[in-house]
Amino acid sequence: MHEPPEPTFAPGLTARVELTVTDADTAQAVGSGDVPVLGTPRVLALAEAATVAATATRMPAGQTTVGLRVELDHRAPTPVGRTVVAQARLATVDGRRLLFEVTVADGGETVAEGRVERVLVDRQRFVERASRAS
């Protein structure tokens with residue numbers, strides 16, 4: 001009898017990424033508002049970067065993950081000059097679907113939290129399909 005193959009990803013994988021907020025990261029700069037604080041699209045991009053980092057070292061050759069669904073509560077403003085840390089933890093693996101719990105913090109304060117769902121795809125097929133659709 002053969003053992004089942006070892007799953008590529010298992011719950012518990014984590015990663016963290018940091019961003020020091022600049023003028024280019026503000027809601028004013030990214031078009032998501034008119035205040036000079038960290039914009040929600042940049043918070044989301046940082047959270048997604050943490051999910052990508054969590055799977056990077058175990059990604060099978062020729063595969064990648066793409067974003068499928070996001071739930072994000074952006075709870076507190078972060079001024080220019082502060083450093084925020086996004087952390088992602090792989091919570092659930094359902095076939096090719098990966099559900100991450102994410103938090104973004106400024107020191108001890110939670111700036112944002114939520115969930116990011118990604119799906120494992122064949123990189124070349126995905127890119128070919130996307131270019132045919134345009």
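The text that follows walks through the structure, step by step, so that each part is easy to find.

Rules behind the numbers
- Residues numbered from 1 in each chain as written.
- Predicted model: local features only at pLDDT ≥ 70, side-chain atom pairs only at ≥ 80, totals over all residues.
- Heavy atoms only, no water.
- Helix = DSSP H or I, 4+ residues; strand = E, 2+ residues; numbered from the N terminus.
- Expected span 1.5 Å × (residues − 1).
- Buried < 20%, exposed > 50% of the residue type's maximum accessible area, 1.4 Å probe, protein only.
- Contact = heavy atoms within 4.5 Å.
- Core = buried A, V, L, I, M, F, W, Y, C linked by side-chain atoms within 4.5 Å.
- Salt bridge = Lys/Arg side-chain N within 4 Å of Asp/Glu carboxyl O.

Glancing now at helix α2 (residues 40-56). An ideal rise of 1.5 Å per residue puts 24 Å on 17 residues; α2 measures up with 24 Å between its terminal C-alpha atoms. For α2, the complete set of buried residues consists of Val-43, Leu-46, Ala-47, Ala-50, Thr-51, Ala-54 and Thr-55. Tucked inside the fold, the buried residues of α2 contact β1 (14-20), β2 (63-74), β3 (83-94), β4 (97-106) and β5 (109-122).

This next bit is on the nonpolar core. Core analysis: the largest hydrophobic core is formed by 24 residues, its most contacted members being Leu-46, Val-84, Phe-100 and Val-104. If we ignore the near neighbours within four places in the chain, the residues touching Val-84 are Val-17, Glu-18, Leu-19, Leu-38, Leu-46, Thr-78, Val-104, Ala-105, Asp-106 and Val-111.

When charged atoms on two side chains of opposite charge get close, those side chains can pair. Taken as a whole and assessed by the stated rule, the structure comprises 10 salt bridges. In this structure, the salt-bridge partner of Glu-18 is Arg-16, at a minimum N-O distance of 3.3 Å. A salt bridge links Glu-101 to Arg-89, with the shortest nitrogen-to-oxygen separation between them at 2.7 Å. Here Glu-101, found in strand β4, pairs with Arg-89, found in strand β3; they are 12 residues apart in sequence, far enough to count as distant. Here Glu-101 falls in the partly exposed class, since its relative accessible area comes to 38%. One network of salt bridges, with partners in common, ties together Arg-69, Glu-71 and Arg-115.

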